[in-house]
Amino acid sequence: MVAVASVHDEAAAALRAVCSVGLSGSAPYSGPVLGPVSWANLVSRVKTERLEGLLAATVARAALAVTAEQDDAVREIARSRVRLDLILERECLRTAEVLNAASIPFRVLKGPAVAHLVYPDPSMRGFGDVDLLVEAASWYRAVDALRDAGFKRLVPEIREGFDVSYGKDATLASPRGCQIDLHRNLVLGPYGFWVDTDELFARPAGVLTLGGTAVPVLGPEESFVYACYNAALADDPPRLAALRDVAEMALRGDLDPVVVNTLVRRWRGTAVVHRALEVASRYLEVDLRGSNVGEVFIRGSIPAVDRILLASYRGPGRGYTSQLAGVVAIRGVASKMRYLWSLARPQSSYLQSRGYTPASFVRHAARRIWGAS
Amino acid sequence: MVDFNPADRVSERPEAGYETDTREGTCWRRSERVLWREVLGDVVLVRADGDSDPFALAGGAALWSLLAERRDMSSLLASMDVQPGDYEVKAEEFRVLLRELEHIGVVDGSD
């Protein structure tokens, strides 16, 4: 058991070094060359977390000692990752072209936007899909335009009309088989409902130029807030790339904390940003408290109500519990009832596409929520 | 993934039948329509349009970096610290490679 623990510890320490490489104030790593088991463990985690580019940067800076064989392996997996990233960027441009042709306003989120506009080198930030945000008012037009262009929606909406009122996103497969996440909102649950996506479109867009084409992205402050929501709410445990995004943006020092604070207070997301900065600081072992946004958000304790709501985004049933918690953010009894009814009784096409009957869907949800684990 | 190694290309050249670019004063630069990443001294490239697969230019990061600006052969050779005695060989090697990249559409060549 000691040997197993040691292998995991070695790989975990190396993974942390990979994830924090190049960040201002990150501690230098002085671990030994990893043995085959620890190395395999590290590579597996790196691939799962899409950190191949950061691993390559770590090796390039000699911040992780590797054998010649390991060096070759890093080159190979880093190349594979950027190859996929480039294919996704091309798919992003094609999706943007469809939306532009239909005169639908959009913003490119996460992956390519963050890789190019935030990281010192885009190869340091891998991604697995293309994310675009559209306004609620354009939602069905956007879905139809993409469908007409050969994109396939993988799961129908949970009930007719749900998407535009309560939905977060729809996953589509492009004609070339890439995954496109079309977002109507940034995250599920209460913190998602409190985000005013129309306000995101009213604010000035940033611009990302890919292959000579300019595509709109969120502005830096909005992008930072979204990175925090993504890190604190989207996955449990958080994706390491999401934590790195938060640290990368916070440490650049070019965010206007007043703008961030204004947005976040309006969207009741102060605790989300606080938590994201805290978790990123702790995992990456960098001091984000000293950054201009850290000074504003990492102070005091998170209020009890927010602690409860944040807890709904954790655990194996978080997809259900955060959606149930979302009811607190919906205005009006009738709307709350409609929302809960939709969650409890999805339409049959939705259930079929996910392989459920009405009864098995309820059983599955109950198991996830109450952890029949 | 296709892997271009400039040195390999020179030895392959006679069999591959690449034509030497005889245009005097040709300048090259990266195409605007290319998506790319640099990884450990290599560059991985793909056209932003079409369905071509990404390919790696092994050891090509330095050359790719220079092609951010429009350059002629003498500027490339000077910037790559090529020794005067190696000029002809290296110039030929670069011409073959650049012509291939131009053909693929990731580099623009102009007189």
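Shown above is the structure to which this text applies.
Residue positions are counted from 1 within each chain, in the order its sequence is given. Whichever chain is written first becomes A and whichever ligand is written first becomes 1, with later ones labelled in order. pLDDT decides what is reported in this predicted model: residues at 70 or higher carry local features, side-chain atom pairs at 80 or more are listed and counted, and totals for whole chains, interfaces and linings draw on all residues regardless. Hydrogens and water molecules were not included; the side-chain quantities draw on all heavy atoms of the structure.

Engineer: Looking at this structure, I do not really get the overall build of chain B. What am I missing?
Structural biologist: Each helix and strand counted, chain B has four helices and seven strands in total. Walking chain B from its N terminus toward its C terminus, one meets helices and strands in the order β-α-β-β-β-β-α-β-α-α-β. Exposed residues in this analysis have more than 50% of their type's maximum accessible area, buried residues have under 20%, and partly exposed residues fall in between, with area computed by a 1.4 Å probe over protein chains only. Taking all 111 residues of chain B together, the buried fraction comes to 43%. Here the contacts in chain B between residues at least 6 apart in sequence split such that 59% fall between residues at least 24 apart. Values of accessible area rely on a 1.4 Å probe in the Shrake-Rupley scheme; residue burial ignores everything except the protein chains shown. On chain B, roughly 5500 Å² of surface is accessible, and the fraction owed to carbon and sulfur atoms is 44%. Secondary structure elements follow DSSP: runs of H or I of four or more residues count as helices, runs of E of two or more count as strands, with numbering from the N terminus. Contact criterion: two residues are considered in contact whenever any of their non-hydrogen atoms come within 4.5 Å of each other.

Engineer: Would you explain the pattern of salt bridges in this entry?
Structural biologist: Think of it this way: side chains of opposite charge can pair up when their charged atoms draw near. One speaks of a salt bridge when a side-chain nitrogen belonging to Lys or Arg is within 4 Å of a carboxyl oxygen belonging to Asp or Glu. This model, assessed by the stated rule, comprises 26 salt bridges over all chains. The partner of A:Arg147 in a salt bridge is A:Asp144, and the shortest N-O contact between them spans 3.3 Å. In this pair, A:Arg147 and A:Asp144 are both assigned in helix α6 (residues 139-148), three residues apart and thus about one turn of the helix distant. By relative accessible area, A:Asp144 is classed as partly exposed at 33%. B:Arg47 serves as the salt-bridge partner of B:Asp49, at 3.0 Å between the closest nitrogen and oxygen. Residue B:Asp49 is classed as partly exposed on the basis of its relative accessible area, which comes to 30%. One salt-bridge network, held together by shared partners, links A:Glu91, A:Arg94, A:Arg176 and B:Asp51.

Engineer: Honestly, the sheet that holds strand β7 (residues 107-110) of chain B in this entry has me stumped. Any pointers?
Structural biologist: Two pairing modes exist for strands in a sheet, parallel and antiparallel, and in both the strands are linked by backbone hydrogen bonds. Residue and element names in this part refer to chain B. A pair of strands is treated as paired once DSSP finds two or more bridges between them. Strand order across the open sheet formed by three strands is β6-β2-β7, with antiparallel pairing between neighbours. Of all the strands in the sheet, the pair left with one neighbour each is β6 (71-72) and β7. Pairing analysis gives four bridges linking strand β2 (residues 27-30) to β7, with the strands arranged antiparallel. Across the sheet, Trp28 pairs through a bridge with Gly109, a residue of β7. Set on the sheet, helix α4 (residues 87-104) makes contact with β2 and β7; between it and β7 the angle comes to about 110°. A fitted line through C-alpha atoms serves as each axis, taken over the contacting stretch for helices, and the angle formed by two N-to-C directions is quoted from 0 to 180°.

Engineer: Is there a simple way to think about the packing of helix α3 (residues 52-60) of chain A against helix α4 (residues 68-101) of chain A in this case?
Structural biologist: Residue and element names in this part refer to chain A. Interhelical geometry of α3 versus α4 gives an angle of 145° and a closest axis separation of 8 Å. Judged by the sense of rotation from one axis to the other, the crossing of α3 with α4 is left-handed. Taking contact as the criterion, the partners of Glu52, Leu55, Ala56 and Val59 in α3 are, on α4, Asp71, Val74, Ile77, Ala78 and Arg81. Three residue categories are used. Nonpolar comprises Ala, Val, Leu, Ile, Met, Phe, Trp, Tyr, Cys and Pro, charged comprises Asp, Glu, Lys and Arg, and polar comprises the others, including Gly. The class makeup of the residues in the contact of α3 with α4 is six nonpolar, no polar and three charged. Handedness of a helix crossing follows the sense of rotation of the near helix relative to the far helix, less than a right angle counterclockwise being left-handed and clockwise being right-handed.

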